[in-house]
Amino acid sequence: MSDLDLSQPREWIAQAAGIAILTGAGISAESGVPTFRGAGGLWNDYRAEDLATPEAFTRDPKLVWQWYNWRRELIAKAEPNPAHHALVQLEIRKRIFTLITQNVDGLHDRAGNGKILKLHGDIWRLRCMQCGANWPDRRVPLPKLPPHCQCGGIARPNVVWFGEPLPDGMMKEAEHASESAQVFLVIGTSANVYPAASLIPYARQSGAKVIEINTEETPYSNAVDCALRGPAGEILPKLV
Ligand code: BJW
Ligand code: ZN
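Definitions and limits used
Every residue gets a number counted from 1 within its own chain, in the order that chain's sequence is written. Chains carry letters from A onward and ligands carry numbers from 1 onward, assigned in written order. In keeping with the model being predicted, local features are shown solely for residues with a pLDDT of at least 70 and side-chain atom pairs are shown and tallied solely at 80 or more, while totals for entire chains, interfaces and linings include all residues. Only hydrogens and water are set aside when side-chain values are computed; all heavy atoms of the structure are taken into account. Each metal site is built from N, O and S donor atoms within 2.8 Å (3.2 Å for Na, K and Ca), and since water is not included, such sites may look incomplete. Any coordination sphere not matching a tetrahedral pattern (four donors, all angles between 85 and 135 degrees) or a square planar or octahedral pattern (four or six donors, opposite donors over 155 degrees apart, other angles between 65 and 115) is reported as irregular. Per-residue accessibility, obtained with a 1.4 Å probe over protein chains only, is compared with the maximum for each type, and a residue is labelled buried under 20%, exposed over 50%, and partly exposed between these values. Lines fitted to C-alpha atoms define the axes here, with helix axes fitted over just the stretch in contact, and angles between the N-to-C directions of these axes take values from 0 to 180 degrees. A run of H or I in DSSP counts as a helix once it spans at least four residues, and a run of E counts as a strand once it spans at least two, with each numbered from the N terminus. Here the word oblique covers every angle except those under 35 degrees (roughly parallel), over 145 (roughly antiparallel) and from 65 to 115 (roughly perpendicular). In this scheme, a crossing is called left-handed if the near helix is turned counterclockwise away from the far one by less than a right angle; it is called right-handed if the turn is clockwise. The contact criterion used throughout is that any non-hydrogen atoms of two residues lie within 4.5 Å. Gly is placed with the polar residues, together with every amino acid not listed as nonpolar (Ala, Val, Leu, Ile, Met, Phe, Trp, Tyr, Cys and Pro) or charged (Asp, Glu, Lys and Arg). Nearness here has a simple test: a residue counts as near a molecule or strand if at least one of its heavy atoms is within 4 Å of that partner. N or O atoms closer than or at 3.5 Å make up a polar contact, with two conditions inside protein: a donor-capable atom paired with an acceptor-capable one, and, for residues adjacent in sequence, both atoms drawn from side chains. Using a 1.4 Å probe, the Shrake-Rupley method yields the accessible areas, and only the shown protein chains count as cover for residues. Working definition of a nonpolar core: buried Ala, Val, Leu, Ile, Met, Phe, Trp, Tyr and Cys residues. They are joined through side-chain atoms within 4.5 Å.

*Asks:* Would you mind going over the coordination of the zinc ion (ligand 2) with me for this structure?
*Replies:* A four-donor tetrahedral metal ideally has 109.5 degree angles, and a six-donor octahedral metal ideally has angles of 90 or 180 degrees. The coordination sphere of the zinc ion (ligand 2) contains the protein donors Cys128 (SG), Cys131 (SG), Cys149 (SG) and Cys151 (SG), at a distance range of 2.3 Å. Coordination at the zinc ion (ligand 2) is tetrahedral, judged from the four donor atoms that bind it and the angles of 103 to 118 degrees they form at the metal. Each donor residue of the zinc ion (ligand 2) belongs to the same chain, and together they define the spacing C-x2-C-x17-C-x1-C. Under the relative-accessibility criterion, Cys149 is labelled buried at 12%. Residue Cys151 is classed as partly exposed on the basis of its relative accessible area of 38%.

Encoded structure:
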């Protein structure tokens with residue numbers, strides 16, 4: 001870690017008027033929130049297709065909710081880490097700034113970022129399967145699974161499962177931010193899930209310097225301008 005040369009990426013960041021950032025589960029790992037894939041990933045024990053799909057929820061809403069209830073408990077105990085805080089400093093400093101996150105944990109909000117595009121929704125919001133109403137609910141644990149809406153319908157977590165579209169217009173906004181940025185930071189994502197991962201080549205083709213921060217190699221590590229190997233909570237505060 002200490003031998004990483006940060007001078008070039010630091011200069012790109014310092015000189016950029018506009019910055020866009022894509023974060024994934026790895027940025028919250030140092031806060032104690034498990035990632036999905038890789039060492040200690042959530043889905044080493046649980047298969048994605050068993051839990052994070054609309055079909056799984058229709059089959060067994062209680063099982064899926066038990067998984068989300070457990071994750072809500074873990075996240076409720078977690079605090080934003082130095083990587084989250086560094087991104088708040090960056091937002092204060094840059095005129096053009098967009099934080100695009102795949103995370104549903106809300107730790108970017110709690111750290112204090114304002115301009116956040118939550119591509120995969122928010123674990124702290126519920127949505128009615130019947131009437132479509134959606135509302136915040138931070139109770140941990142939820143008293144009764146599955147929770148219900150006032151209309152009597154079953155509620156689901158307001159997140160995006162496999163096979164579901166991202167929230168209306170959000171990908172367009174993310175693409176706009178990515179093509180307008182001089183620097184695109186990719187932090188703690190395995191870059192396996194689309195369309196989120198497509199923003200990485202999109203930003204680069206639009207002219208941004210792309211900087212990846214990850215403890216491991218990803219499919220894009222060889223296709224970015226600078227790949228920094230190590231924990232986000234240690235690298236990011238030194239970069240910004
Ligand atoms: C650290 C670290 C430290 C650890 N510091 N780093 C094109 C090609 C192929 C497939 C598709 C395609 N386009 C669409 C698809 C299908 C599918 C898909 O992508 N499948 C792939 C798996 C192949 N995509 C979809 O279905 C999407 N929807 C869609 O495309 O809709 C189209 C449509 C249009 C119109 C009508 C209908 C449909 C939706 C994707 C939804 C993803 N949802 C989840 C669950 C969210 C809710 C929840 O949290 O429960 O989102 S899945 C899960 O993966 C979650 C994450 O946001 C997402 C990404 O994971 P992430 O963040 O990258 O985490 P990990 O764990 O994978 O990686 C962590 C990384 O951190 C690792 O690299 C570590 O090394 C690193 N790390 N500690 C720095 N300290
Ligand atoms: Zn309802």
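The structure having been displayed, the exposition proceeds.
*Asks:* What should I look at first to understand the packing of helix H5 (residues 82-93) against helix H9 (residues 232-239) in this one?
*Replies:* Helix-helix packing is described using two parameters, namely the angle between the two axes and the distance between the axes. Axis separation between H5 and H9 bottoms out at 7 Å; the angle between their running directions is 25 degrees. In terms of axis orientation, H5 runs roughly parallel to H9. The element H5 and its partner H9 pack so that their crossing is left-handed. Between H5, through Pro82, Ala83, Ala86 and Leu87, and H9, the contact on the second element is made entirely by Ala232, Gly233, Leu236 and Pro237. Residue composition of the contact of H5 with H9, grouped by class: seven nonpolar, one polar and no charged.

*Asks:* Teacher, can you tell me more about the environment of Gly24 here?
*Replies:* Mapped onto the secondary structure, Gly24 falls in the loop between strand E1 (18-23) and helix H2 (48-51). Residue Gly24 is classed as buried on the basis of its relative accessible area of 1%. Residues Gly24 and Thr189, 165 residues apart in the sequence, show an inter-C-alpha distance of 4.2 Å. Contact partners of Gly24, with chain neighbours within four places excluded, come to Gln102, Asn103, Ile187, Gly188 and Thr189.

*Asks:* Help me understand the site of ligand 1, please; the structure alone is not making it clear to me.
*Replies:* Among the 34 residues in the neighbourhood of ligand 1, the closest are listed as Tyr68, Arg71, Thr189, Ser190 and Asn214. At a separation of 2.9 Å, a nitrogen atom of ligand 1 approaches a polar backbone atom of Val160. Here an oxygen atom of ligand 1 and a backbone polar atom of Gly163 are 2.7 Å apart. A total of 1,500 Å² of accessible area belongs to ligand 1 in isolation, and the protein chains cover 74% of it.

*Asks:* What's the story with the side chain of Ser31 in this structure? I'm lost.
*Replies:* In this fold, Ser31 is placed in the loop between E1 and H2. Polar side-chain contacts of Ser31 include one of 2.7 Å to the backbone oxygen of Glu79. Contact partners of Ser31, with chain neighbours within four places excluded, come to Ala78, Glu79, Pro80, Asn81, His84 and Leu107.

*Asks:* How do you make sense of the environment of Leu87 when you look at a structure like this?
*Replies:* The residue Leu87 is located in helix H5 in this model. Taking relative accessible area as the criterion, Leu87 reaches 0% and is therefore assigned buried. Between the C-alpha atom of Leu87 and that of Val240, which follows or precedes it by 153 residues, the distance is 8.1 Å.

*Asks:* Even after reading the chapter, I still don't get the nonpolar core, so can you show me in this structure?
*Replies:* Inside soluble globular proteins, nonpolar side chains tend to come together where they are buried. By size, the foremost hydrophobic cluster in this structure holds 25 residues, and its most contacted members are Ile21, Leu185, Ile187 and Leu236. Sorting the residues of this core by element identifies helix H1 (7-15), E1, H5, strand E2 (96-101), strand E7 (183-187), strand E8 (209-214), strand E9 (226-229) and H9 as the ones contributing at least two each. Apart from residues lying up to four places away in sequence, Ile21 is in contact with Leu87, Leu90, Phe97, Thr98, Leu99, Ile100, Leu185 and Ile187. Ranked by size, the runner-up nonpolar core spans 24 residues in total, among them Leu166, Ile200, Val210 and Tyr220.

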